[in-house]
Amino acid sequence: MEFTGLHSISPQNNQPSLFDSPAERYLKARQSVQRFTVTQLGLAIFSNENSNKYVVHSYNFFLFPSTWGLTDVEFALSASSIQFLSHYGFDYSKFFEDGIPYMNEVQEKILSQHLLAGSLKVSSALDRDVLKKAIDEVTCWIVAAEEEETMILQDLNGYQIFDVQLVLRKALQNVWTQPLGDKKVMVRKVSPQHRQLLENSPYDYCREELILLSARGFTNLFQTLVKAKKPLVGHNMLMDLMHLHDKFYKPLPESYEEFKRNIHNLFPVLIDTKTVTKSIWKKCPLPRVLNLLEVYEVLCRNLNPKDSTCPVIALASDCSRYAEKKSPHEAGYDAFLCGSVLLKSAHLLLCRSTDDAVEADPSFSQYLTVLAEYLNKVNFIRGGVSSINFSGKDAPCEHPPALVVHVRGWPELNERKIYEEFKPLCLFDVRQLSKNQFIMLSNKFKHVRLVLRDYRHHPHLRVSVYRHWRHSPGVSCLLQVSGIVALWSLLAFVLGGAPCCSL
């Protein structure tokens, strides 16, 4: 999937951090998902035709929020994201002019209520102008027209076809309308009796269910995917899942756990190729890679092409351009890469589990078996866990120890200045503990060792490994209070003396 932006800079401190728990990261990402929209969605369907051959049909969908109804959808554009997509040839004309509409269940319910009440209004100024022109043409024509005579309205786009018909039928009781395709609507002058018969016929193309079917747009395909219950594969797919939930199902809930439950109910089997390949790269001596395309190319080179048990992946004839030309960051191409990486990774894991004694033509169920430990575990970038488990509890990951920085003789230091101080050496996430203390986190052990070595004799900054019992403000406060209570108890005992007895 491609978006108009990834991480919102508003409010401040909304960037992902190593300090984030999954729930904290979810709330940060939720703000970004609500602010940005999906520009393009790729879908690659892998069909196991025979033995170990997979035929791929890959599709690109340009999406654009529905502009029909009372509420106009607002979304933000990130300059860096727009530049990034432009660099890879993204067609913004298709996005703005031909994007497929979509809506979630809440938006559909609102639209359905307004259709039922007949209170639907045109929100777009352009649509209002088109509608006014069509009404003027019909009202001038109908005065002299005979019954059963027709006229054609042309150059109607998208929802304008429904708007024109609904408004004309409501305003004029002696007309009937019918879409002709190719941006045209036929208007027929009819008697009131004929009109009543047509309204109750199956040939009425303005029935509420047909209007909603059209207004749902891409959401219809999303609902088909949900019903199919097939494994859903993605790469670094947390943001993708959040957009799928928000745009096509329901607005994202505030509760992180509720979001996980909803996604698991929609897609019971998730496979994140980032989670899978991270594990493979730790186990196998493979070259370092930076993106999905490089992962695909490395796996293609390292799997023996003469091995008859390797999965054979063939693009369908209508997708052959992906075999001839690389198209990174085109959603349909990325979906093809993602599915291919999954099959190749699964075969590599199967070979390792059987010491290369793979039986001829391994089935997809065998691949799922070797992938079992990765199912429903979605990669978590720079945070307190390595992955989010959509079918259970999130397991913490092993991070390098946190460092605490004690500041002496360097006034007015803040998190940004501490970050800039260490940036030339290595990257850390920084949080302030107290006036003169800062805690730093890195995801690399070598960075921790480097800082401890190079800042051993710094005149103003003393760096040490963070110990919760020693450096936590909460624990320190508790120890101070406990010490004071203990001291007063001791004084009371000493000063009070032992009780005396008299006869």
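S.K.: Mind laying out unusual backbone geometry, listing which residues take part and the relevant values?
M.R.: Positive phi is not limited to glycine here, since D155 has a value of about 60°. Position of D155 among the secondary structure elements: in the loop between strand 4 (150-153) and helix 6 (160-171). Looking at D155, the relative accessible area reads 61%, which means it is exposed. The phi dihedral of H329 falls on the positive side, at around 65°, and the residue is not glycine.

S.K.: Quick rundown of the environment of L213? Include the residues and the values.
M.R.: Considering the arrangement of structural elements, one finds L213 in helix 8 (residues 208-216). Considered as a pair, L213 and R431 are 218 residues apart in the sequence and their alpha carbons are 50 Å apart.

S.K.: Run through the nonpolar core, naming residues and quoting values.
M.R.: General note: in soluble globular proteins, nonpolar side chains tend to be found buried as a group. Counting 39 residues, the largest nonpolar core has V276, I280, W281, F336, L337, L349 and L371 as the members making the most contacts within it. If you list the elements that add at least two residues to this core, you get strand 3 (53-62), helix 12 (273-283), helix 13 (292-302), helix 15 (331-353) and helix 16 (364-370). Broken down by element, this core gets its largest block of residues, 13 residues, from helix 15. Look past the residues within four positions of L349 in its chain and what remains in contact with it is V276, I280, V370, L371 and Y374.

S.K.: Mind laying out the pairing of strand 3, listing which residues take part and the relevant values?
M.R.: Inspection of the sheet shows strand 2 (residues 38-50) paired to strand 3 by 10 bridges, in the antiparallel sense. Bridge assignment links L43 to a residue of strand 3, and that residue is Y59. If you look at the hairpin formed by strand 2 and strand 3, you'll find 2 residues sitting between the two strands, and S51 has a positive phi there, around 45°. Pairing geometry for strand 3 and strand 9 (residues 312-315), over 4 bridges, is parallel. What sits directly across from Y54, in strand 9, is I313.

S.K.: Help me get a handle on the pattern of salt bridges, residues and values and all.
M.R.: Counting across every chain of the model gives 16 salt bridges. As a salt-bridge pair, D20 and K28 come within 3.0 Å of each other at their nearest N and O atoms. The two residues D20 and K28 agree in class, both being buried. With a closest N to O distance of 3.1 Å, E420 and R416 form a salt bridge.

Calculation rules
Residues numbered from 1 in each chain as written. Predicted model: local features only at pLDDT ≥ 70, side-chain atom pairs only at ≥ 80, totals over all residues. Heavy atoms only, no water. Helix = DSSP H or I, 4+ residues; strand = E, 2+ residues; numbered from the N terminus. Buried < 20%, exposed > 50% of the residue type's maximum accessible area, 1.4 Å probe, protein only. Core = buried A, V, L, I, M, F, W, Y, C linked by side-chain atoms within 4.5 Å. Contact = heavy atoms within 4.5 Å. Pairing = 2+ DSSP bridges. Salt bridge = Lys/Arg side-chain N within 4 Å of Asp/Glu carboxyl O.

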